[in-house]
Number of protein chains: 2
Amino acid sequence: MTKIVVIGAVAAGTTAATKARRNDPEAEITIYDRDIDISYAICGIPYAVGHEVANFDQLTPRDPQWFKQNYQIDLKTRHEILAIDSNKQTLQVKALDTGAVFTDHYDLLLLATGARYGIPTAFKDIDADNLFHVRNVQSGRELASYLALHSIKTAAVVGAGYVGLEMTEQLTKLGIQVQIFQRSAHILGNFDGDMAEIAETYARQKGISLALAETVTKTQVQNGHIIGLDTNQGQHYQPDIVILAAGVKPNTRLAESIGVKLGTTGAIAVNDRFQTNLPNVYAVGDVAESFSVIDGRPLWKPLATTANKMGRIAGDAMTGGSLRHRGILGTSILRFFDLTIAQTGYTEKEAQAAGYDFLVLKDKKTNVPDYMPKSQTMTLKTLADKKTHRILGAQIIGGAGVDKRIDVLATAMTFKAKAEDLFHLDLAYSPAFDTTKDAVLYTGMILTDQLASETKGV
Amino acid sequence: MTKIVVIGAVAAGTTAATKARRNDPEAEITIYDRDIDISYAICGIPYAVGHEVANFDQLTPRDPQWFKQNYQIDLKTRHEILAIDSNKQTLQVKALDTGAVFTDHYDLLLLATGARYGIPTAFKDIDADNLFHVRNVQSGRELASYLALHSIKTAAVVGAGYVGLEMTEQLTKLGIQVQIFQRSAHILGNFDGDMAEIAETYARQKGISLALAETVTKTQVQNGHIIGLDTNQGQHYQPDIVILAAGVKPNTRLAESIGVKLGTTGAIAVNDRFQTNLPNVYAVGDVAESFSVIDGRPLWKPLATTANKMGRIAGDAMTGGSLRHRGILGTSILRFFDLTIAQTGYTEKEAQAAGYDFLVLKDKKTNVPDYMPKSQTMTLKTLADKKTHRILGAQIIGGAGVDKRIDVLATAMTFKAKAEDLFHLDLAYSPAFDTTKDAVLYTGMILTDQLASETKGV
């Protein structure tokens, strides 16, 4: 009987464990997690803070009993792994609530230790009642409680990636004036600057203040309360609360302690069955590296979709299944008020860094015909490789229907679509849902013409 | 200098002509059409009748002057082709407004004569002021005028395909009680009965009366006004107005008159460059046959998307381009109040008729997580070939996001997706737009498991 131990019980770890159980009714499966909340919908936290989701409990529908009853999995929360001996295949585990330390062993170990949250220098070691993170359900609850008990008028959000902007949206809807601090010149680091500018203009129209290329250099704390922020632009701010959303990094401490090798992205290097360099040690989720569907290049994208995919494949691989990872595009999406912001594959800056010679098409199309009352414009930026004509990436910002176009492009790209393939897609048309020629088809037509001109040297 | 003559100026004909012009600045291009309105958005007609589109003029944004100025195309409306001599390559044309008849010649002829509208036997030769068609902009205008001038309380809609249901939706929203007559046992002929039933239940909840497997056998007319309908079920109805939406057939009369061969579907047989059996004679749009992306089988799907695709490819082919038709899936979609109804590829009955040995999966999934307030359920019915594991078809009925899933499936199917490919798609997730594992991924996972069980003989 195989003994499988999983470290980490959010998305990837629990998915791997349940897949392993479905494949192998006999295996002994244990999951350890330091946290209280497990298997939670981390992406739902901003919406619970803003009351769009009724309460935080809805984000944690499953508890250890559920895993025991449905999958015969022992899920132990508030248990920290102190050390691993990869030769003896043992773990030293501490039950945080009792302080008891015990030893467990594994035949197969799965590291799903997730990501750790970046804390900007000016906030290191700061403990203040009005300083918040968005790292797990508990941190969301703390913020929501504070908002309920205090009359908050202004908030500083540090970091303008997806989580920062989702929190900004929700706080704004609660009537709070948000000031964003972004270290780089543009918000939305996984977009090109020209596309991010569309969202920046929109954010300002919504009354949100953007401090771009501006970092907090000093945090003034009085009686455990932040009373002011100084920045590298010589500015001084006095927000009622501060929310840190400054990005994440793979939480590789435990892995590194036993000699698990990291890849070029800084996450754990794995093969397409999520095996690490150590025998019987696997890694999945935000702590593990992935690779690009486009060219196999290592990628690290801490996304729930990727974590789930990894978990299922690893759970299968650990129990004799044949699933193999085929890579990712890093497809992602953000709702920002009425704006939808989405991307897949490489951005222009990423494609440049990867050494591609490519065409860029930026065009504007409507989601449905102009004559329909709900017609909205979207801006599409699409990259095609001059050599292979393959679509390398797309960024779309607009209203309704952006999610559909990014998913159509992501699907096509998974099948290695060339620019000239897009026109041939047979998509669903009615004036209520699309234009006769969908924006993706137009994009393919124009890119095809431009690639032909390139070949002719026009 | 090539002389290109196009017969028909709605979707396919005008698309072909403009593509031909872009490829060949020298060609002489003439389009003839019997109608007054040209290049119109035929699918928008129900929405203009129901005032969702402000007025009918928005559906006819282009006139002959536009084609002359922008494309140097001579577009002659109200011109009927009386005869074609395919040996001499001449046409006999009648200018309907003056009665003048003249001869034109062509180097290349494109037949884009569209579809003709089916008239059920009981309505043959009936001329009544309260009997309407939905065949072109003019027929839409006539219905709208009548509705504006009379207090209409009840309507009979004959035929419950997309057009019939779109009209039903709009009339219901105008406060008119609609009675649908459908000859077959279910509405939505391009869906399987079990899926159509979902829409039938919904229609009845909206207060719409469905007379299924019921045909009008006698139309009672008094003073040019329909006063009653008798049916084969022995029922008698007295609707204020009657709308015929009983389907269409390829309008092949002119083609047949010169010996153009038809395919097995009854539409004009063409190759992948839309050439007919006659030299220099091409055919596109609703009058021409297409073929399935899945297996090359001839298909006739009178859809605007297909017509546009055909037009572009034919316009390219007629002017020395290299575009070739890659086939269609017949992907289509209908908004019916808050319900979205969509399909792509083969239905169960079609797959059976085509001799496939396949699995059918019917499942229910939400568009976004349960915890999001706008979460809605959709029912998916998906077919996978037992031999090749390829996805053969899908039907989806539900709320928001159905259009996205059908387009993702259609895109995957265009690239010959197998069931096991779907799980690997990297789609855009955020709780505002999707579940962590999209319904399409789930569908792929379950079908993969079921196909594996089949192989094992479980």
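In this report, the structure presented in the accompanying data block is examined. (Residues numbered from 1 in each chain as written. Chains lettered and ligands numbered in written order. Predicted model: local features only at pLDDT ≥ 70, side-chain atom pairs only at ≥ 80, totals over all residues. Heavy atoms only, no water.)

### Quick word on the relation of the copies chain A and chain B
Note the following rule: Here the copies were fitted onto each other by least squares, based on C-alpha atoms from residues at pLDDT of at least 70 in both.
Mapping chain A onto chain B is achieved by rotating through 180° and translating by 0.0 Å along the same axis, at an RMSD of 0.0 Å. Such a turn and shift between the copies fits a two-fold axis.

### With respect to the sheet that holds strand β6 (residues 101-105) of chain B
All names here are of chain B. As a reminder, the rule being used: Each pair of strands is called paired provided DSSP finds at least two bridges between the two strands. Think of it this way: any DSSP run of H or I at least four residues long counts as a helix, any run of E at least two long counts as a strand, and we number them from the N terminus. For helices, the axis comes from a line fit to the C-alpha atoms of the stretch in contact; other axes are also lines fit to C-alpha atoms, and the angle between any two N-to-C directions lies between 0 and 180 degrees.
As summarised here, the arrangement of the three strands in space is β4-β5-β6, forming an open sheet in which the pairing is antiparallel. Two strands bound the open sheet, and with one partner strand each, they are β4 (79-85) and β6. For this sheet, the mean angle separating the axes of adjacent strands, direction not counted, is 30°. Pairing geometry for strand β5 (residues 90-95) and β6, over five bridges, is antiparallel. Note on β6: the bridge partner recorded for Thr90 is His105.

### Describing the nonpolar core
Definition in use: We define the nonpolar core as a collection of buried residues of types Ala, Val, Leu, Ile, Met, Phe, Trp, Tyr and Cys that are connected through side-chain atoms lying within 4.5 Å of one another. When a residue's accessible area, from a 1.4 Å probe over protein chains only, is under 20% of the maximum for its type it is buried; when over 50% it is exposed; and in between it is partly exposed. Note on contacts: a residue pair qualifies if any of its non-hydrogen atoms lie within 4.5 Å across the two residues.
Of all hydrophobic cores here, the largest spans 84 residues; its most connected members are Tyr356(A), Leu422(A), Leu425(A), Tyr356(B), Leu422(B) and Leu425(B). With residues up to four places along the chain from it excluded, the contact list for Leu422(A) reads Ile391(A), Leu409(A), Ala412(A), Ala417(A), Val440(A), Leu441(A) and Gly444(A). In terms of nonpolar packing, the next biggest core, distinct from the first, is built from 51 residues, Val368(A), Leu147(B), Ala155(B) and Ile180(B) among them.

### Let's talk about the pattern of salt bridges
Side chains that carry opposite charge are capable of pairing whenever their charged atoms lie near each other. All names here are of chain A. Formally: Each reported salt bridge corresponds to a side-chain nitrogen of Lys or Arg within 4 Å of a carboxyl oxygen of Asp or Glu.
The full count for this structure, using the stated rule, is 49 salt bridges over all chains. Here Glu80 and Arg34 are joined by a salt bridge, their closest N and O atoms 3.7 Å apart. In this pair, Glu80 sits in strand β4 (residues 79-85) while Arg34 sits in the loop between β2 (28-32) and α2 (45-49), placing the two residues 46 residues apart along the sequence. Taking relative accessible area as the criterion, Arg34 reaches 46% and is therefore assigned partly exposed. Note that Lys381 and Asp192 form a salt bridge whose closest N and O atoms lie 3.0 Å from each other. Residue Lys381 is found in strand β24 (residues 377-385), and its partner Asp192 is found in the loop between β11 (177-182) and α6 (193-205); the two are separated by 189 residues along the sequence.

### Description of the interface of chain A and chain B
This is how the line gets drawn: Buried area is calculated as the accessible area (1.4 Å probe) missing from two parts once they are joined, with the contributions of both summed.
Across the boundary between the two partners, chain A contributes 61 residues, which contact 61 residues of chain B. When the area that chain A buries against chain B is broken down by residue, the three leading residues are Tyr371(A), His424(A) and Asp426(A), summing to 14%. Connecting chain A to chain B are six salt bridges. Residues Asp403(A) and Lys404(B) are paired through a salt bridge, measuring 2.8 Å at the closest nitrogen-oxygen approach.

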